[in-house]
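Residues per chain, in single letters:
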Amino acid sequence: GARSADDAKLEQLKQQGFARVAIANEPPYTAVAADGKVSGAAPDVAREIFKRLGVNDIVASISEYGAMIPGLQAGRFDVVTAGLFMKPERCAAVAYSEPVLCDAEAMLVKKGNPKGFKSYEDIAKDSSATVGAPGGGTEEKLALTAGVPRDRVIVVPDGQSGLKMVQDGRIDAYSLPVLSINDLMKKANDPNLEVIAPVQGAPVYCDGAAFKKGDEALRDAYDVELAKMKKSGEFAKIIEPYGFSAKAAMSTTREKLCAAK
Amino acid sequence: MPAPIIKVDAISKSFGAFKVLDGLSMQVMPGEKLALIGPSGSGKTTILRILMTLEKIDGGHIQIDGEQLYHMERNGQLLPADERHLARMRQKIGMVFQLFNLFPHKCVMDNVTLAPMLTKGVARAAAEKRAMELLDMVGLADKAKAMPAQLSGGQKQRVAIARALALSPKIMLFDEVTSALDPELVEEVLNVMRKLAAETDMTMLLVTHEMGFAHDFADRVLFFDRGRIVEEGKPDEIFRHPKQERTQSFLKKIIAAGHRV
Amino acid sequence: MPAPIIKVDAISKSFGAFKVLDGLSMQVMPGEKLALIGPSGSGKTTILRILMTLEKIDGGHIQIDGEQLYHMERNGQLLPADERHLARMRQKIGMVFQLFNLFPHKCVMDNVTLAPMLTKGVARAAAEKRAMELLDMVGLADKAKAMPAQLSGGQKQRVAIARALALSPKIMLFDEVTSALDPELVEEVLNVMRKLAAETDMTMLLVTHEMGFAHDFADRVLFFDRGRIVEEGKPDEIFRHPKQERTQSFLKKIIAAGHRV
Amino acid sequence: MEWDWNFVWEIMPTLIQGVKITILATVLGSVLAAIVGLGIALARRSENRIVARSVGWFAEFIRGTPLLVQLYFIFYVLPDIGILLPPLVAGVIGLGLHYGTYTAEVYRAGIDNVPRGQWEAAKACNLGGRHTWTHIILPQAIPPMIPALANYFIAMFKETPLLSAITVLELMNQAKSVANTYYRYIEPMTLVGAFFLVISLCSVVLLRWLEHRYGRIER
Amino acid sequence: MTQWSGYLGLILQGALVTIELTLMGSVLALIMAFLAGMGRVSRFFIIRALATTYIEFFRGTSIFVQLFWAYFVLPFAGLSLTPLQAGVLALGLNVGAYAAEVVRGAILSVGREQYEACTALNLGRWQGMRHVILPQALLVMLPTFGNNAIELLKATSVVSLISLADLTFQAQVVRSQTGSTLMPFLSVLVIYFALALIISWGIRTLERRMARGLDGVRV
Ligand SMILES: Nc1ncnc2c1ncn2[C@@H]1O[C@H](COP(=O)(O)OP(=O)(O)OP(=O)(O)O)[C@@H](O)[C@H]1O
Ligand SMILES: Nc1ncnc2c1ncn2[C@@H]1O[C@H](COP(=O)(O)OP(=O)(O)OP(=O)(O)O)[C@@H](O)[C@H]1O
Ligand SMILES: [Mg+2]
Ligand SMILES: [Mg+2]
């Protein structure tokens, strides 16, 4: 029945020799090198696991966060490995693996934090403040939930644009996970900017590889290899150079994250 | 007495609310040369276009060479003609237009051979041989490879005549074939027509404002006014001793305007 | 003997490599009525357009009413005319075109009053009064409110004549003013011109293919061929006893084509 | 995934917000394009060769490159030289400039379509340059080009989704944000399509009318 | 800045994708243009209605909507296209609808007298179309086809929105990897313009070649 259909998915991937993954363009989670090669912590982990599963390679397409889950449902990708944090609604829409990358939220603001933001609620309270976030990303939802009205949450296409908009004063804060913001700051090397991390009241989130509902067998196979790698320390070897903590990922579970309110 | 080759019986034709032809009847004998004259808008062009099936009639009947033009007899019933019937009838008729209407993208030779090759399946060699004879007849044998744009108006019109003759129609229609030409070029076209009239027994209908030529050329002259034939007769009768007042006043104006009769 | 009002001195004009006028000289006396005849392409239109400053000359000089047309004398030096000088000279000259060139978006009255009001600052009331006199003269007083599209060709041409007269030029140029008209409409325009010739002492230059009219109208006829004046003289001399062979053959062709001389 | 009418009603108010911005951007962009186009058309006819040439090349460049990239450029690069525009303003300028190069061609064709005889008659009537333009040429040139202009404004309307790339919350952006929130693309995208189709079909009727009203001039 | 030269490779890869899209899209557009354009002047109501529906639909809904539909909604109907296929399909069908009107206009622009000459010479409908009308219409279409091709080239930039790694998309990637905004955008603008110039040069050459000895045909 369903079970054998699920096995068929892995068989199919093995046969074609690659898995299609959706990534964002947000170092250090995902990155594209000068030669066009896909790297970043999330795809590197996925590449290694798929190799162990007998799928030799991954083929990545860069996508907006908002387009990832619909794309997965439409069968455009086999899996999303992009730092798509686990949250109850998302857990309902896709089948997550066990946690891979964990990070807290951060904000990029002008030097000295002129508006004194510490949390998303602070932004909601200041009726002139605007915050930028990727469309369909966790930060957008957090800001909206904190009570920032829709028209003050600016959907920014990518990190570089967000950075630029803060520099230009178009938005007062730009929110991404801590490591992403740090990466941006490093590249920009702009003394007039400042990072607030972590954002108060925002939980630490973890992402996982997201599969289509119905591909649970593939997901389970993925989980088995992931667990082995976590145990052997290979997992840490891959993600820690990017700045992520392996311990954080190993100290929580999908069950907890998906249940969290 | 032979049967008339054209028998027009009480035809009428309107454009919108405007009645151009109003119960017009006329007969033309095989080999007859007919001149149609009359004031602007009197319907001369319209009757030629109807004979060429470029306009449909609203009522009445036309017989060409003993066959209905716009109707087909099927099982004793008179039905409206279909495209096949019209195509067969059109083989009997050729027309030369005021503005030549040559095909500008084809050389003179191709203009003349196109229709025989396509509609009668004549082989290229035979079509070109016949075309050369015709071009020779109109004095343009040396222009066979020229494009229409390289010809003078008079030359264009002579090509148009050759093109119409290439299908060997029994009836030729000429609509003001010289009125778009420079005065100096008129004569060369009229010469071709004189030759044609003298050498063939084709039936010819000619609409013209060149009263002098009409006089020399025609066996019979029809004077049109407001969609009716007001007067008809031998050229000498019409031009020297018109009976109808309308004819007299028309001719007087034409003469005053500097045309020779 | 009075001074000539137009003095053309060895002018030449080329279009690209093609020399249209080649060292042409001529003189016109005040009040003289001149007919310019000749084969197509001989430069008749071009000389009128040059006098109206619609084309520039390549060499030579033109004096109008004692003043240089294309040159200005400044401190004893002859400089090319500037736009202001040309505008002043144009006041002396009016032109009527073969295709009327009425302003299609203005009614007959506005066509006639526009130029006097804009260029001479005539008040509307005065301009309209004068326009009515002129329209009356050309027999169109009742069409003052009509739009050009509602007029016949002959009527349009009479409006064009009135429009040119409204600026009271000393010299009027007419370029084949009847050749675009239906034969029946030619006479009404020629009648206006006859009246004009009889009633005013304006200098008039007329290009025409209506040899009969040229004969009655002109004091002097110039026969053009290939950009030169081949023959000139009184109408009777030119039309009845042309001296040059070229003139003879031209007139013969015209007559053969059915035109009365 | 099935079509869900409840979801449609739920997201309608959000989409209508977007529609308003879309229409605003189109109207402002059209006005700007009409002005820019006339400017370019006249500059290209300028007696001054250098002006005519450089404006010509500039217009060709704008016309030959994608509006999307131009919008990125205006929004993200211009601040480097101190020009910081709000998203909607940047979008309107992008649309106006880009479509201005199209309307310039319409103006040019309109002006060229006035027969040479009209210029000559104006000269024979001794009208000066300014009078010739204002009384003879433009009154004849402009009415026939109204349909063509309207055509470009409708085309511009259909390109407003590009503004979502520079964070303008127009229809497409609202639809995407809805899709992001609910992970459903079918309804929002179909609604956006339907919306554009309805407006376009209405504009076809408007265009026919404009063509009928202004399309030709009787001579 | 040393990084930057490395990223040039990415941009050139993007240019390749853009060229590929433009070529394949143009072929599809050309086929659709002739099918629908001649369909519009067909004698048969059904064919006319089909052609009109196609044209109005694709001209009426914005290219973005069509693209998102082809990419995100069609898979639910069981038709899963690669981004490249979706891009070619949406662009080709969209531009084809505009070009169909060009085909129709060109066919109608051939004077009535040419059709009448065909009748007077007793050519059949298709014979007249094939030998007399289309050859003349082609010359009228060509310049506008050139413009359509440039429109298509520019429209390829929107495929970056469905993550197809074309020129514009690569510019975005390079931008976020290098942090430089001016260079990637400026260089892709120049590349687009160069491509547009090549297209218009090609069309002009073709036109000159076809127009040889044809001063009589309206162009
Ligand atoms: N397709 C048409 N639609 C409307 N009216 C038409 C059409 N064709 C001809 N007419 C009108 O029919 C009348 C007769 O036209 P026709 O061309 O037969 O006149 P004609 O005798 O040939 O005149 P002319 O000497 O000016 O050529 C004219 O008033 C003309 O305006
Ligand atoms: N703008 C132009 N460009 C190129 N050639 C021109 C131009 N205007 C006139 N010509 C050429 O100059 C020659 C003289 O033209 P013009 O119009 O003066 O002749 P015309 O005597 O008035 O002839 P027609 O009796 O045919 O009106 C012609 O061969 C014509 O082709
Ligand atoms: Mg007629
Ligand atoms: Mg002339």
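Please refer to the structure placed before this passage.
Positions within a chain are numbered from 1, following the residues in the order the chain's sequence is written. Going through the entries in the order they are written, you letter the chains from A and number the ligands from 1. At least 70 in pLDDT is required for a residue's local features to be given in this predicted model, at least 80 for side-chain atom pairs to be given and counted, and no such filter applies to totals for whole chains, interfaces and linings, which use all residues. Note that the side-chain values use all heavy atoms of the structure and ignore hydrogens as well as water.

Q: What am I meant to see in the overall build of chain E here?
A: Where helices and strands are cited, they refer to DSSP runs of H or I of at least four residues and of E of at least two residues respectively, numbered from the N terminus. Each helix and strand in chain E was counted, giving 8 helices and 0 strands. Counted from the first residue to the last, chain E has its helices and strands arranged as α-α-α-α-α-α-α-α. Principal axes of the C-alpha set define a box for chain E whose edges measure 70 × 45 × 20 Å. Relative to its full complement of 219 residues, chain E shows a buried share of 57%. Type-normalised accessible area, obtained with a 1.4 Å probe on protein chains alone, sets the label of each residue: buried when under 20%, exposed when over 50%, and partly exposed for intermediate values.

Q: Would you mind showing me how to read the site of ligand 1 here?
A: All names here are of chain B. Proximity is defined per residue: if any heavy atom of the residue lies within 4 Å of a molecule or strand, that residue is considered near it. Taken together, the neighbourhood of ligand 1 is formed by 13 residues, with Ser40, Gly41, Lys44, Thr45 and Thr46 sitting nearest. Throughout this description, a polar contact denotes any pair of N or O atoms lying within 3.5 Å of each other; where both atoms belong to protein, one of them has to be capable of donating a hydrogen while the other can accept it, and for residues adjacent in sequence the pair is counted only when both atoms sit in side chains. Contacts to ligand 1 include Gly43, whose backbone N or O atom sits 3.0 Å from an oxygen atom. Residue Thr45 places a side-chain N or O atom 2.6 Å away from an oxygen atom belonging to ligand 1. In these tables, accessible area is a Shrake-Rupley quantity obtained with a 1.4 Å probe, and a residue counts as shielded only by the protein chains included in the view. Against a free-state accessible area of 630 Å², the protein chains account for coverage of 64% of ligand 1. Breaking the shell around ligand 1 down by element, the ones donating at least two residues are β2 (18–28) and α1 (44–51). Broken down by element, the shell around ligand 1 gets its largest block of residues, 3 residues, from α1. The nonpolar class holds Ala, Val, Leu, Ile, Met, Phe, Trp, Tyr, Cys and Pro. Asp, Glu, Lys and Arg form the charged class, and all remaining residues, Gly among them, are polar. Across the shell around ligand 1, the residue classes tally to 4 nonpolar, 7 polar and 2 charged.

Q: Just checking my understanding: could you explain the environment of Lys13 of chain C for this structure?
A: All names here are of chain C. By the element assignment, Lys13 lies in strand β1 (residues 6–15). Residue classification places Lys13 among the buried residues on the basis of a relative accessible area of 7%. Each C-alpha atom, one on Lys13 and one on Ile161, is 28 Å from the other, the two residues being 148 residues apart in sequence. By definition, residues are in contact when any of their heavy atoms lie within 4.5 Å. In this structure Lys13 touches Phe18, Lys19, Val20, Leu21, Thr46, Ile50, Glu55, Lys56, Ile57 and Asp58, once residues within four positions along its chain are discounted.

Q: Where do I start with the interface of chain E and chain D in this structure?
A: Often, the extent of an interface is quoted as the loss of accessible area on bringing the components together. In this complex, chain E contributes 33 residues to the contact, which on the side of chain D involves 34 residues. In short, buried area is how much 1.4 Å probe accessible area vanishes from two parts on joining, totalled over both. Here chain E packs against chain D, burying approximately 3100 Å² in sum over the two surfaces, 76% of which is carbon and sulfur. Among the residues chain E hides against chain D, the three largest losses belong to Lys154, Leu189 and Phe193 of chain E. Together they make up 19% of the total. Salt bridges are counted wherever a side-chain nitrogen of Lys or Arg sits within 4 Å of a carboxyl oxygen of Asp or Glu. Linking chain E with chain D are 0 salt bridges, by the criterion used here. The interface formed by chain E and chain D contains 10 residue pairs in polar contact (both at pLDDT 80 or more).

Q: Please clarify how the pairing of strand β10 (residues 203–207) of chain C should be interpreted in this entry.
A: Put simply, side chains in a regular strand alternate between the two faces of the sheet. All names here are of chain C. Within β10, 5 of the 5 residues are buried, which leaves it mostly tucked inside the rest of the structure. The alternating pattern of β10 places Thr203, Leu205 and Val207 on one face and Met204 and Leu206 on the opposite face, and all of these are buried. Here, a strand pair is defined by DSSP locating no fewer than two bridges between the strands. Pairing between strand β9 (residues 171–175) and β10: 5 bridges, direction parallel. Opposite Ile171, over in β10, you have Thr203 as the bridge partner. By convention, orient the strands away from the viewer: a clockwise path from the first strand over the helix to the second makes the crossover right-handed. Between β9 and its parallel partner β10, the chain crosses via helix α6 (residues 183–199), and the hand of that crossover is right-handed.

Q: Which parts of the structure should I look at to understand the interface of chain C and chain D?
A: Contacts between the two partners involve 24 residues from chain C, matched on the other side by 18 residues from chain D. Area buried by chain C at its contact with chain D is led by Pro104, His105 and Leu118 of chain C, which between them contribute 26% of it. Put simply, chain C and chain D have 1 salt bridge between them. The shortest N-O distance in the salt bridge between Glu120 of chain D and Arg49 of chain C comes to 2.5 Å. Between chain C and chain D we count 6 residue pairs in polar contact (both at pLDDT 80 or more) in total. Every element with two or more residues in the side of chain C that touches chain D is listed here: α2 (83–90), β8 (93–96), α3 (108–120) and α5 (153–165) of chain C. Sort the elements by how many residues they give to the side of chain C that touches chain D and α3 of chain C lands first, with 4 residues. A class-by-class count of the residues in the side of chain C that touches chain D yields 14 nonpolar, 5 polar and 5 charged.

Q: Got a minute to help me understand the site of ligand 2 in this structure?
A: Residues and elements named next belong to chain C. Near ligand 2, the surroundings consist of 13 residues, among which Ser40, Gly41, Lys44, Thr45 and Thr46 are the closest. At a separation of 3.3 Å, an oxygen atom of ligand 2 approaches a polar side-chain atom of His209. Considering ligand 2 on its own, with 630 Å² of exposed area, one finds that the protein chains cover 63% of that surface. Elements represented by at least two residues in the shell around ligand 2 include exactly β2 (18–28) and α1 (44–51). Looking at which element gives the most residues to the shell around ligand 2, the answer is α1, with 3 residues. Of the residues assigned to the shell around ligand 2, the class counts are 4 nonpolar, 7 polar and 2 charged.

Q: What should I look at first to understand unusual backbone geometry in this one?
A: In most cases, non-glycine residues show a negative phi, while peptide bonds are predominantly trans. Put simply, Pro27 of chain A and Pro28 of chain A share a cis peptide bond, and its omega is 5 degrees. With respect to the secondary-structure elements, Pro28 of chain A resides in the loop between β1 (18–23) and β2 (31–32). For the peptide bond that leads from Ala197 of chain A to Pro198 of chain A, omega is -10 degrees, which places it in the cis range. Of note in this structure, Asp65 of chain C is not a glycine but carries a positive phi near 55 degrees. As for its placement among the helices and strands, Asp65 of chain C is situated in the loop between β4 (59–64) and β5 (67–68).

Q: What is the right way to read the arrangement of the chains from this model?
A: With 6 pairs of chains in contact overall, the contact-richest pair is chains D and E. The least C-alpha distance between chain A and chain B, which are not in contact, is 51 Å. Without any contact between them, chain B and chain D keep their closest C-alpha atoms 19 Å apart.

Q: For this particular structure, what's the right way to read helix α6 (residues 125–155) of chain E?
A: Side chains that are three or four residues apart share a direction in an α-helix, a result of its 3.6 residues per turn. Between the first and last residue of a helix there are one fewer steps than residues, each counted as 1.5 Å, and that sum is the expected span. Under the 1.5 Å per step criterion, the end-to-end length of α6 of chain E is only 37 Å for 31 residues, more than 12% shorter than the ideal 45 Å. Think of it this way: the bend at a residue is just the angle between two axes, each fitted to seven residues, one set ending at that residue and the other starting at it. Along α6 of chain E, the sharpest change in direction is near 45 degrees and occurs at Ile133 of chain E; proline Pro135 of chain E comes one to four residues later.

Q: Even after reading the chapter, I still don't get the environment of Val55 of chain A, so can you show me in this structure?
A: Residue and element names in this part refer to chain A. The residue Val55 is located in the loop between α2 (41–53) and β4 (57–62) in this model. Here the alpha-carbon distance between Val55 and Gly17, two residues 38 residues apart in the chain, equals 5.3 Å. Among residues more than four places away in sequence, those in contact with Val55 are Leu10, Leu13, Lys14, Gly17, Phe18, Ala19 and Phe50.

Q: Can you walk me through the packing of helix α2 (residues 49–64) of chain D against helix α8 (residues 182–210) of chain E in this structure?
A: Each pair of packed helices can be described by the angle between their axes along with the distance between the axes. All axes are obtained by fitting lines to C-alpha atoms, using only the stretch in contact for helices, and the reported angles, taken between N-to-C directions, cover 0 to 180 degrees. The interhelical angle for the contact between α2 of chain D and α8 of chain E, taken along N-to-C directions, is 95 degrees, at an axis separation of 8 Å. Here α8 of chain E runs roughly perpendicular to α2 of chain D, going by the angle between their axes. On the side of α2 of chain D, the interface is formed by Trp57, Glu60, Phe61 and Gly64 of chain D, while α8 of chain E contributes Leu189, Tyr192, Phe193, Ala196 and Leu197 of chain E. Within the contact of α2 of chain D with α8 of chain E, the residues separate by chemical class into 7 nonpolar, 1 polar and 1 charged. Oblique is the label for any angle not under 35 degrees, not over 145, and not in the 65 to 115 range, which are roughly parallel, roughly antiparallel and roughly perpendicular in turn.

Q: Looking at this structure, how should I read the side chain of Arg90 of chain A?
A: Within the fold, Arg90 of chain A resides in helix α4 (residues 88–93). Despite its burial, Arg90 of chain A remains without a salt bridge, the nearest opposite charge being carried by Glu89 of chain A at 6.5 Å. A polar side-chain atom of Arg90 of chain A sits 2.9 Å from the main-chain carbonyl oxygen of Gly136 of chain A. Excluding anything up to four places from it in sequence, Arg90 of chain A contacts Ile69, Leu84, Phe85, Tyr96, Gly136, Gly137 and Thr138 of chain A together with Tyr183 of chain D. Under this rule, positive means Lys or Arg and negative means Asp or Glu; His and the chain ends count for nothing.

Q: Would you mind showing me how to read the pattern of salt bridges here?
A: Where charged atoms from two side chains of opposite charge approach closely, those side chains can pair. One pass over the full model with this rule turns up 65 salt bridges over all chains. A salt bridge links Glu187 of chain B to Arg194 of chain B; the shortest N-O distance between them is 3.3 Å. For Glu187 of chain B, a relative accessible area of 18% corresponds to the buried category. Accessibility expressed as a relative area gives 31% for Arg194 of chain B, which makes it partly exposed. With a closest N to O distance of 2.7 Å, Asp65 of chain C and Lys170 of chain C form a salt bridge. Placement of the pair is Asp65 of chain C in the loop between β4 and β5 and Lys170 of chain C in the loop between α5 and β9, with a sequence separation of 105 residues. With a relative accessible area of 30%, Asp65 of chain C lands in the partly exposed category. Connected via shared salt-bridge partners are Glu98, Arg219, Asp220, Asp223 and Arg254 of chain A.

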